[in-house]
Amino acid sequence: MKIQLETIAPEVKSPFRVLHDPKLNDLFFWHFHPEYELVYIEGANGTRHVGDHISGYEGNDLVLIGSNIPHLNFDHGVQTDYRMEVLHIKPSFKSTFAQEVPALDEIHRLFDRSQFGIAFTGETKRRIGKRIKELHRLDAFELFIETIQIFGALARSPEYQLLHQAPFVSKYNAKEQQRIRHLYAFIDEHYQRKITVGEVASLCNLSKPAFCRYFKKATGNTFVGFLNQYRISQAKRLLLMGKNISEACYGCGFESLSYFNRTFRKVTQENPSEFRKKLKVT
């Protein structure tokens, strides 16, 4: 499973991209991106962590997240049979389309309000959630029209709560965002071998202490903790593919089976053998 900042490739002409039922529950994916994000999840009880806001949701959740607001994947740690749909919206949709078309003034204001983070409730959540689940079936034209109608309905709905008392202001400029992207890409490419703090610090042209402070501030986690969580997510994937515990251990970059077992339990609250047994992997 790739770890990356979720961005719409610049060569894609559509302002919208649908991620149909991505499964990231075994990954702590604290991230941000310039795209706006509308996420719907159902069949789960989980954590809503958007910017500085942390709360729980039960059953389902529908949230609109503003540009460059850091957030945790809504399915983190979910073990139930859930479904999630994610819609990404290019920033240019707001700045060069919604802003220029008077009929879309309500939608433009909705995107301004999304910088607070917006959790929708009640009948709005039920009706819009049902429509979002069908987006992946639509062709490009149908997707564009339906998405505009969905945003219009959200813009007019009184059933919502703001997640922050003021618009969330990203601490990271474009240069810092690129640095985080580079770090995540490096981890994804090299997690199977030993990675030292000094090595990644040099990628950022920082000393080791400065890098550790920077990474903690940017991700909410230490570099070693983040790397271990990513490696454990890869180990779980290998175990699900039928690999044995030793193969999973060394295949995702751990050098010690005992350390792998301790880390697996710390991250997942169970040891690898329990995980295999629960999922009937033989």
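Quick caveat, the model's predicted, so the values are computed rather than measured.

Here we take up the pattern of salt bridges. A side chain of one charge can pair with a side chain of the opposite charge when the charged atoms of the two come close. Here the structure, examined in full by the defined rule, presents 11 salt bridges. A salt bridge links Lys133 to Glu42; the nearest nitrogen and oxygen atoms lie 3.0 Å apart. One end of the pair, Lys133, is in the loop between helix H3 (122-132) and helix H4 (140-156); the other, Glu42, is in strand S3 (residues 36-50), and 91 residues separate them in sequence.

Below, the discussion takes up the environment of Ser67. Note that Ser67 resides in the loop between strand S4 (53-65) and strand S5 (71-72). For Ser67, a relative accessible area of 17% puts it in the buried group. Once the C-alpha coordinates of Ser67 and Ile107 are considered, the two residues, 40 residues apart in sequence, prove to be 15 Å apart. Aside from chain neighbours lying at most four places away, what touches Ser67 is His33, Pro34, Glu35, Tyr36 and Gln115. Looking at Ser67, its side chain comes within polar contact range of the main-chain oxygen of Pro34, at 2.7 Å.

Attention shifts here to the state of the cysteines. Across all of its chains, the model carries 0 disulfides by this definition. Here Cys252 stays unpaired: no disulfide links it, and the sulfur of Cys249, its closest cysteine neighbor, is 6.4 Å away. Taking relative accessible area as the criterion, Cys252 reaches 0% and is therefore assigned buried.

Moving on, we get to unusual backbone geometry. Excluding glycine, most residues fall at negative phi; most peptide bonds, likewise, are trans. At Asn68, a position not held by glycine, the phi torsion is positive, near 60°. Within the element layout of this structure, Asn68 appears in the loop between S4 and S5. Judged by its relative accessible area of 14%, Asn68 is buried. A positive phi angle is found at Gln269, which is not glycine, with a value near 70°.

We now examine the packing of aromatic side chains. Across all of its chains, the model carries 20 aromatic pairs by this definition. A centroid spacing of 5.7 Å and a plane angle of 70° characterise the contact between Phe211 and Phe223, whose relative ring orientation is edge-to-face. Linking Phe211 in helix H7 (residues 208-219) with Phe223 in helix H8 (residues 223-240), this pair joins segments that are 12 residues apart in sequence. Like Phe223, Phe211 is buried. Among the aromatic residues, those joined into a ring-pair cluster are Phe16, Tyr36, Phe93, Phe97, Phe111, Phe144 and Phe151. A cation over a ring is seen here: Arg113 above Tyr160, with NZ or CZ 4.9 Å from the ring centre.

Okay, H3 next. Among the residues of H3, those classed as buried are Thr124, Lys125, Ile128, Gly129 and Ile132. The buried residues of H3 occupy one face: seen down the axis, they fall within an arc of 115°. For H3, the elements touching its buried residues are S3, S4, strand S6 (83-89), strand S7 (118-120) and H4.

Time to look at the side chain of Ser157. Note on placement: Ser157 falls in the loop between H4 and strand S8 (160-162). Ser157 sits in the buried class, given a relative accessible area of 6%. Within the structure, the side chain of Ser157 is placed 2.6 Å from the side chain of Thr124, a separation counted as a polar contact.

What follows is about the nonpolar core. Counting 33 residues, the largest nonpolar core has Ile180, Leu183, Val200, Phe211, Phe223 and Phe260 as its most contacted members. Considering every element that reaches this core, the biggest residue donor is H8, with 8 residues. Leaving out residues up to four positions away in the same chain, Phe211 has contacts with Leu183, Val197, Val200, Ala201, Cys204, Leu206 and Phe223. By size, the runner-up hydrophobic cluster in this structure holds 26 residues, among which are Tyr40, Leu104, Leu135 and Ile148.

A residue-level look at the chain finds 92% of positions with pLDDT of 70 or above and a mean pLDDT of 86. A low-confidence stretch, residues 1-11 (pLDDT under 50), is modelled with 46 contacts involving residues beyond four sequence positions or located in other chains.

For the rest of this paragraph, the subject is the packing of H3 against H4. Look at H3 against H4: their axes get within 11 Å of each other, and the N-to-C directions meet at 170°. The pairing of H3 with H4 is recorded here as roughly antiparallel in orientation. Across the interface between the two elements, Thr124, Ile128, Arg131 and Ile132 from H3 touch Glu146, Gln149, Ile150, Ala153 and Leu154 from H4.

Calculation rules
Residues numbered from 1 in each chain as written. Predicted model: local features only at pLDDT ≥ 70, side-chain atom pairs only at ≥ 80, totals over all residues. Heavy atoms only, no water. Salt bridge = Lys/Arg side-chain N within 4 Å of Asp/Glu carboxyl O. Helix = DSSP H or I, 4+ residues; strand = E, 2+ residues; numbered from the N terminus. Buried < 20%, exposed > 50% of the residue type's maximum accessible area, 1.4 Å probe, protein only. Contact = heavy atoms within 4.5 Å. Polar contact = N/O pair within 3.5 Å; in protein donor to acceptor, adjacent residues only side chain to side chain. Disulfide = S-S within 2.5 Å. Phe/Tyr/Trp six-rings, centres within 6.5 Å; stacked < 30°, edge-to-face > 60°. Lys NZ or Arg CZ within 6 Å of the ring centre and 35° of its normal. Arc of directions from axis to C-beta. Core = buried A, V, L, I, M, F, W, Y, C linked by side-chain atoms within 4.5 Å. pLDDT = per-residue confidence, 0-100. Axes fitted to C-alpha atoms, helices over the stretch in contact; angles between N-to-C directions. Parallel < 35°, antiparallel > 145°, perpendicular 65-115°, else oblique.

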